[in-house]
Amino acid sequence: VSTQSTWGVAADAKVTADRKAAAMQNALEEDRALLETADRQRRSAEQELADSNETLAELGNINQSIAAAKRKLESEFNQLGGDLDEMTNEARLSEDKAARAMVDAARLADELRCEQEVAMNLEKDKKLLEAQCKDAGARADEAEVNALKGGRKAMIKMETRIRELESELDAESRRNGDICKNLRKSERTIKELTFESDEDKKNHERMQALIDQLQGKVKSYKKQIEEAEEIAALNLAKYRQG
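Residues numbered from 1 in each chain as written. Predicted model: local features only at pLDDT ≥ 70, side-chain atom pairs only at ≥ 80, totals over all residues. Heavy atoms only, no water.

Undergrad: Help me out: how do you make sense of the overall build of the protein chain in this one?
TA: Looking only at helices and strands, the protein chain has two helices and zero strands in total. Classification of the 242 residues of the protein chain by burial places 17% in the buried group. If you take every contact in the protein chain between residues at least 6 apart in sequence, the share linking residues at least 24 apart comes to 88%. For the protein chain, the exposed area adds up to about 18500 Å²; of that, 54% sits on carbon and sulfur atoms. (Helix = DSSP H or I, 4+ residues; strand = E, 2+ residues; numbered from the N terminus. Buried < 20%, exposed > 50% of the residue type's maximum accessible area, 1.4 Å probe, protein only. Contact = heavy atoms within 4.5 Å. Areas by Shrake-Rupley, 256 points an atom, 1.4 Å probe, with all protein chains shown as cover.)

Undergrad: What is the right way to read the nonpolar core from this model?
TA: Soluble globular proteins tend to pack their nonpolar side chains together in the buried interior. One finds Leu-108, Leu-112, Ala-119, Leu-122, Ile-179, Leu-183, Ile-190 and Leu-193 forming the largest nonpolar core, which totals eight residues. When contributions to this core are tallied by element, the ones reaching two or more residues are helix H1 (2–150) and helix H2 (153–241). Apart from the residues within four sequence positions on either side, Leu-112 is in contact with Leu-183, Ser-186, Glu-187 and Ile-190. Ranked by size, the runner-up nonpolar core spans seven residues in total, among them Leu-84, Met-207, Ile-211 and Leu-214. (Core = buried A, V, L, I, M, F, W, Y, C linked by side-chain atoms within 4.5 Å.)

Undergrad: What am I meant to see in the environment of Glu-226 here?
TA: Its location among the elements puts Glu-226 in helix H2. C-alpha of Glu-226 to C-alpha of Lys-70: the two residues are 156 residues apart in sequence and 9.0 Å apart in space.

Undergrad: Could you clarify how one ought to interpret a positive patch on the surface in this entry?
TA: Taken together, the side chains of Lys-181, Arg-184, Lys-185 and Arg-188 define a basic patch exposed on the protein surface. With respect to the helices and strands, Lys-185 occurs in helix H2. (Patch = residues over 30% accessible without salt bridge, like charges linked within 9 Å, V, L, I, M, F, W, Y side chains within 5 Å. Salt bridge = Lys/Arg side-chain N within 4 Å of Asp/Glu carboxyl O. Lys, Arg positive; Asp, Glu negative; His and termini not counted. Charge placed at Lys NZ, Arg CZ, Asp CG, Glu CD.)

Undergrad: Would you explain the pattern of salt bridges in this entry?
TA: Applying the stated criterion across every chain, the model contains seven salt bridges. Arg-107 is paired through a salt bridge with Glu-111; the nearest N and O atoms lie 3.0 Å apart. Here the residue Arg-107 and the residue Glu-111 both occupy positions in helix H1, the gap between them amounting to four residues, near one helical turn. Exposure remark for Glu-111: the relative accessible area of 35% places this residue in the partly exposed category. Residues participating in the shared-partner salt-bridge network are Asp-39, Arg-42, Arg-43 and Glu-46.

Undergrad: What is the right way to look at a negative patch on the surface in this model?
TA: Side chains of Glu-48, Asp-51, Glu-54 and Glu-58 sit close together on the surface and give a patch of like negative charge. By secondary structure assignment, the location of Glu-48 is in helix H1.

Here's what the structure looks like:
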């Protein structure tokens, strides 16, 4: 009876031990599974960290490229702004020069009209003097007849008057010639000023076309800078969200 009781206790102890061993084996298997899961999670986390670092480096390179492109665009934009200011000043100077040329042309045209009026008046005076000379010649002929009849005193007086009238006629002719020269000179000056005014107008139109072209480039560069800033902002936002 004592032996059977001992065997029974031993059997119960063995069953209990087997149960404990099985439980420990199950716990060990669960721990191994948890360890493998943790290891997989660790490797996954390390890979994600490496990927994040690589993405961060790529974003850094992209941002550096964008910043360099932005600096270049800003430099070109500033240079174009300077060129635009310079060409605007040149266009303004051309406009001022053209305006002065137009004023000079108008002044010379007024002077030409005055000279023409003077020339017309001189022509009238010339015709009047010619008529007076003809009249004096007729009187001289008459005086000559009278001198032959009554003496030489009247003849000498008429000859003196004729010489005076001829001298006045020569002086008026010379003055008329000088006025004609001045008229031709004024006409040449007006033609030159008109030509210069046309050239200044053409230069102004070319300047305006270049200014419009530069303004188009400035708008394009502004748009590129804004697009580069938007791309940089989107990349930064993506990185922060990741």
